[in-house]
Amino acid sequence: MSAVYRPRGLRQRLAAGILNLLGWKVVLEPPPGPKVVMVGYPHTSNIDFFYAILWAWATGRKMSWIGKRQLFNGLMGPIMRRLGGIPVDRDKTKNFVKQVAEIFAQREELWLVIAAEGTRSRADYWRSGFYYMALEAKVPIALAYLDYSRKEAGVGGYFMPSGDIAKDFEIVQKFYADKVGHTPKNQGPVQLKPPNNP
């Protein structure tokens, strides 16, 4: 059973209060450390962002995300960083997973959000990048969710990747088996692309 988070600061109480008025419960299992790769499911609607931001404010978690370095050029750079953006090179000559691992090594605290489905539309398979980022950085994977059937927003568990992605993914599948998104028809299965599937 997931732990209901108790907000402390003014902004935390205000955000939790808004969620409560909307009938939602804020959930946050105690994190095992200050650094995690945070994967969320299901992501089926633009409204998910609204609940995710309220959850972050309610729990005091600063969620970060990665984007192409070009997005941070000019006047938008400071704004993107303020919103939690971290610039990285997407040049094919540079190992993307290793870049992310280096970012983790440089920071004392980092909750990096990765969209495993990569889309709000139905996806037949999850992308595996989040797993290998956590494995390379030696940090836990946080299982985040928005369950519209129970009206729960939060993180309900963590696990350390072992390197056996097939076995570890059984943990992911079991956790998300009963989670229902805003638009269920857009909710794809929790599964990885088979190795021989191009």
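If you're wondering where the values come from, they're calculated on a predicted model, not measured in any experiment.

Trainee: An account of the sheet that holds strand E7 (residues 152-159) is needed here, citing residue identities and associated values.
Mentor: An order of E1-E7-E6-E2-E5-E3-E4 is seen for the seven strands of this open sheet, with the pairing classed as mixed. The sheet terminates laterally at strand E1 (25-28) and strand E4 (85-88), the two strands that pair on one side only. With direction set aside, neighbouring strand axes in the sheet form an average angle of 30°. The pairing of strand E3 (residues 63-68) with E4 spans four bridges and is classified as parallel. Paired with Gly67 across the strands is Pro87, a residue of E4.

Trainee: How would you sum up the packing of helix H1 (residues 10-21) against helix H2 (residues 47-59)? Please name residues and give values.
Mentor: It is at 7 Å that the axes of H1 and H2 come closest, and there the two elements cross at 140°. In terms of orientation, H1 lies oblique with respect to H2. Between H1 and H2 lies a crossing of left-handed hand. Contact residues: Arg11, Gln12, Ala15, Ala16, Ile18 and Leu19 in H1; Tyr51, Leu54, Trp55, Trp57, Ala58 and Thr59 in H2.

Trainee: Can you explain H1? Please cite residues and give values.
Mentor: Helical periodicity: at 3.6 residues per turn, an α-helix aligns residues three or four positions apart in one direction. In this model, H1 (12 residues) spans 16 Å end to end at C-alpha, consistent with the 16 Å of a helix rising 1.5 Å per residue. Looking at H1, one finds that the buried residues are Gln12, Ala15, Ala16 and Leu19. Projection of H1 onto a plane perpendicular to its axis shows the buried side chains occupying an angular sector of 95°, all on one side. Among the exposed residues of H1, those oriented more than 90 degrees off its buried face are Leu10, Leu14 and Leu21.

Trainee: How would you explain a nonpolar patch on the surface if you had to name every residue and give the values?
Mentor: Together, Leu14, Ile18, Leu22, Ile47 and Phe50 line one region of the surface with nonpolar side chains, adding up to about 410 Å² of accessible area. Mapped onto the nonpolar patch, the elements with two or more residues apiece are H1 and H2. Locating Ile47 in the fold gives a position in helix H2. You can call Ile47 partly exposed: its relative accessible area is 33%.

Trainee: Any chance you could break down the layout of surface pockets for me, citing the residues and the numbers?
Mentor: The computed volume of the largest pocket comes to approximately 1,800 Å³. Along its surface, the largest pocket is lined by 48 residues, and Phe49, Ser64, Trp65, Val113 and Ile114 are the ones closest to its centre. The set of elements that each furnish at least two residues to the lining of the largest pocket consists of strand E2 (35-41), H2, E3, helix H4 (96-106), strand E5 (110-114), helix H5 (129-137), strand E6 (141-147) and E7. When the residues that make up the lining of the largest pocket are grouped by side-chain class, the tally is 26 nonpolar, 13 polar and nine charged.

Trainee: Explain the nonpolar core to me, and be specific about the residues and the numbers.
Mentor: Counting 32 residues, the largest nonpolar core has Trp126, Phe130 and Tyr176 as the members making the most contacts within it. For this core, the secondary-structure elements that each account for two or more residues are E2, E4, H4, E5, H5, E6 and helix H6 (165-176).

Trainee: Mind laying out the pattern of salt bridges, listing which residues take part and the relevant values?
Mentor: Taken as a whole and judged by the stated rule, the model has five salt bridges. Of the charged contacts in the structure, one is a salt bridge between Glu136 and Lys98, with a shortest N-O distance of 3.2 Å. Of this pair, Glu136 sits in helix H5 while Lys98 sits in helix H4, and the two are 38 residues apart along the sequence. With a relative accessible area of 41%, Lys98 lands in the partly exposed category. A salt bridge links Arg150 to Asp147, with the nearest nitrogen and oxygen atoms 2.6 Å apart. Where salt bridges share partners, they join Asp147, Arg150, Asp178 and Lys179 into one cluster.

Calculation notes
Residues numbered from 1 in each chain as written. Predicted model: local features only at pLDDT ≥ 70, side-chain atom pairs only at ≥ 80, totals over all residues. Heavy atoms only, no water. Pairing = 2+ DSSP bridges. Helix = DSSP H or I, 4+ residues; strand = E, 2+ residues; numbered from the N terminus. Axes fitted to C-alpha atoms, helices over the stretch in contact; angles between N-to-C directions. Parallel < 35°, antiparallel > 145°, perpendicular 65-115°, else oblique. Left-handed = near helix turned anticlockwise from the far one by under 90°. Contact = heavy atoms within 4.5 Å. Expected span 1.5 Å × (residues − 1). Buried < 20%, exposed > 50% of the residue type's maximum accessible area, 1.4 Å probe, protein only. Arc of directions from axis to C-beta. Patch = residues over 30% accessible without salt bridge, like charges linked within 9 Å, V, L, I, M, F, W, Y side chains within 5 Å. Areas by Shrake-Rupley, 256 points an atom, 1.4 Å probe, with all protein chains shown as cover. Salt bridge = Lys/Arg side-chain N within 4 Å of Asp/Glu carboxyl O. 1 Å grid on protein atoms, 1.4 Å probe; cavity = no way out; pocket = protein on both sides within 12 Å on 5 of 7 lines; lining within 4 Å. Points joined across faces, edges and corners; volume = space filled by probe spheres on them. Nonpolar A, V, L, I, M, F, W, Y, C, P; charged D, E, K, R; others polar. Core = buried A, V, L, I, M, F, W, Y, C linked by side-chain atoms within 4.5 Å.

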